[in-house]
Amino acid sequence: MSSHSAPFSASIDQLDDFDTIIDVRSPSEFAEDHIPGAINCPVLDDEERIRVGTLYKQVSPFEARKVGAVLVSRNIARHIETHFLSKPKGWKPLIYCWRGGQRSGSMTVVFGQIGWAARRLEGGYKNFRQRVLEDLDTLPSALDFRILCGPTGSGKTALLDALAAAGEPVLDLEGLAAHRGSVLGAAPNSSQPCQKAFETALWAVLRGFDPSRPVWAESESRRVGRLHLPGVLFERLRDSDCVRIEAPLEARVDHLLERYADLIADPADFNEKLERLVGQHGHLRVGEWQALVNAGVWRQLAEQLVTSHYDPAYRRGGEGLYRRAAAARVLPLPALDPATLAEVAATLQSAPVTP
């Protein structure tokens, strides 16, 4: 290939300029974290990468490159045949690997020879990761957050969803973390992302907000499941104006029964999660709750969890982390059904937060 066909590169600021972002790292690297919207087309899979790396260390770089060239060429050919033959001449892909080296360079050269305006990401994923961390230290300070407060079962997440449906900017921390934020809160049929992927998801959402519009979020602790919020973001949330939801016990129980329908459908899993409360409530009390699970007495169980576990935990400082919680505007809700929450969301769009 002639020197004038050497691949051109692009910066992170140009991510939105491309039709497709292609991550050519191995599947395990991609699974840990990747640029939002990227597709994975490995030029070396996990086993091949280990094989080439071992040759590099134990035999010689030259031998490793020969074997690597065979594998990379074969994989690029397969990806072109499988994914890209239908792409028109004007298609613009951005290609990246760990640090913008040989893996992404190889595919970029081949794509360029075909005639596509392929570019390699400068510095690769390593550079992208550094940018994410830098932006997470600066983006939150430009945003005006409004925090929904209230004990577990008061409908914070459901009201957040209603605000999003009404077109309001929303930072759904539990959604991004795939966790409902309480001891019973693992989201059904999903596992939490790793910390890096969580931070990338936060970055993608934060950079999309309009600083002139307030962003709604709900009160969370520093940890959501096993993930933790970046320090600058958490401190910004702690300093934000608050709206406290107050709903009657009956409405909260109804809401919890609906929200935890997946647990009700799997009593064994429910009982296993309740075991985590033994340290706080003792074997006797938790055993009583597990007996209610086994008997299917769900409303009584929900009432006891609210009055004996969630509300005392809230009073002990559930929102003491939020510096303006004591001055929160109180939002009394008679019910937590979708129609009521949609109506409340509409009123919150124009109402001031401070009482």
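For the structure, check the block above.
Residues numbered from 1 in each chain as written. Predicted model: local features only at pLDDT ≥ 70, side-chain atom pairs only at ≥ 80, totals over all residues. Heavy atoms only, no water.

Caption draft 1: Main features of the environment of Gln14. Take Gln14: it is sitting in the loop between strand E1 (8-10) and strand E2 (20-23). Given a relative accessible area of 32%, Gln14 falls into the partly exposed group. A polar side-chain atom of Gln14 sits 2.8 Å from the main-chain amide nitrogen of Ser11. (Helix = DSSP H or I, 4+ residues; strand = E, 2+ residues; numbered from the N terminus. Buried < 20%, exposed > 50% of the residue type's maximum accessible area, 1.4 Å probe, protein only. Polar contact = N/O pair within 3.5 Å; in protein donor to acceptor, adjacent residues only side chain to side chain.)

Caption draft 2: Examining the nonpolar core more closely. Counting residues in each nonpolar core, the largest one holds 39 residues, and the members touching the most others are Leu15, Ile35, Phe128, Phe145, Ile147, Leu171 and Leu237. Contributions of two or more residues to this core are made by strand E4 (93-96), helix H5 (124-136), strand E6 (145-149), helix H7 (173-177), helix H8 (195-206), strand E7 (215-218) and helix H9 (231-238). The residues touching Ile147, leaving out its near neighbours within four places in the chain, are Ala217, Glu218, Ser219, Leu237, Ser240, Asp241, Cys242, Val243 and Tyr322. (Core = buried A, V, L, I, M, F, W, Y, C linked by side-chain atoms within 4.5 Å. Contact = heavy atoms within 4.5 Å.)

Caption draft 3: Expanded view of the pattern of salt bridges. The tally for this structure, following the rule as stated, stands at 20 salt bridges. Put simply, Glu174 and Arg259 hold a salt bridge, and the shortest N to O gap is 3.0 Å. With Glu174 in helix H7 and Arg259 in helix H10 (residues 249-259), this residue pair connects regions lying 85 residues apart in the sequence. According to the relative accessible area criterion, Arg259 is partly exposed, its value standing at 22%. Across the pair Asp241 and Arg324 runs a salt bridge whose closest N-O atoms are separated by 2.8 Å. Note that Asp241 is positioned in strand E10 (residues 241-246) and Arg324 in the loop between helix H14 (298-315) and strand E11 (329-332), a separation of 83 residues in sequence. Taking relative accessible area as the criterion, Asp241 reaches 23% and is therefore assigned partly exposed. Residue class for Arg324 comes out partly exposed when judged on its relative accessible area of 40%. (Salt bridge = Lys/Arg side-chain N within 4 Å of Asp/Glu carboxyl O.)

Caption draft 4: Layout of the sheet that holds strand E3 (residues 39-40). Across the sheet, which stays open at both edges, the five strands sit in the order E1-E5-E4-E2-E3 with parallel pairing between neighbours. Single-partner strands in this sheet number two, and they are E1 and E3. Note: E1 against strand E5 (residues 119-121), three bridges, orientation parallel. Counted as the bridge partner of Ala10 is Leu121 from E5. Across the sheet, helix H4 (residues 102-114) lies against E1, E2, E4 and E5, angled at about 155° from E4, the strand it touches most. (Pairing = 2+ DSSP bridges. Axes fitted to C-alpha atoms, helices over the stretch in contact; angles between N-to-C directions.)

Caption draft 5: Structural detail: the packing of helix H3 (residues 61-84) against H4. Direction vectors running N to C along H3 and H4 enclose 50°, while the axes themselves pass 11 Å from each other. Classified by the angle between their axes, H3 and H4 sit oblique to one another. Crossing of H3 over H4 shows right-handed handedness. Residues Arg65, Val72, Ile76, His79, Ile80 and Phe84 of H3 form the contact with H4, whose own contacting residues are Gln102, Ser106, Met107, Val110, Phe111 and Ile114. (Parallel < 35°, antiparallel > 145°, perpendicular 65-115°, else oblique. Left-handed = near helix turned anticlockwise from the far one by under 90°.)

Caption draft 6: Representation of the sheet that holds E11 in the model. Sheet architecture is open: four strands sit in the order E7-E6-E10-E11, paired in parallel fashion. Sheet topology places E7 and E11 at the edges, where each strand pairs with a single neighbour. Recorded for the sheet is a direction-independent mean angle of 25° between the axes of neighbouring strands. In the sheet, E10 pairs with E11 via four bridges, with the strands oriented parallel.

Caption draft 7: Inspection of unusual backbone geometry at higher detail. Although it is not a glycine, Ala178 sits at a positive phi angle of roughly 50°. Within the secondary structure layout, Ala178 lies in the loop between H7 and H8.

Caption draft 8: Summary view of the environment of Ile264. Note that Ile264 resides in helix H11 (residues 261-264). Linking Ile264 and Val293, residues 29 residues apart in sequence, is a C-alpha distance of 7.9 Å.

Caption draft 9: Examining H5 more closely. Helix length check: H5, at 13 residues, gives a terminal C-alpha distance of 19 Å against a target of 18 Å (1.5 Å per residue), a fit within 8%. When H5 is considered as a whole, its buried residues turn out to be Gly124, Tyr125, Phe128, Arg129, Val132, Asp135 and Leu136. Down the axis, H5 shows its buried residues gathered within 140° of arc, on one side only. (Expected span 1.5 Å × (residues − 1). Arc of directions from axis to C-beta.)

Caption draft 10: Expanded view of the environment of Glu48. Following the sequence through the fold, Glu48 ends up in helix H2 (residues 46-58). By relative accessible area, which is 16% here, Glu48 ends up buried. For the pair Glu48 and Val72, spaced 24 residues apart in the sequence, the C-alpha separation amounts to 9.3 Å. Beyond its immediate chain neighbours, meaning those up to four positions away, Glu48 contacts Val43, Leu71 and Asn75. Side chain to side chain, Glu48 and Asn75 meet in a polar contact 3.0 Å long.

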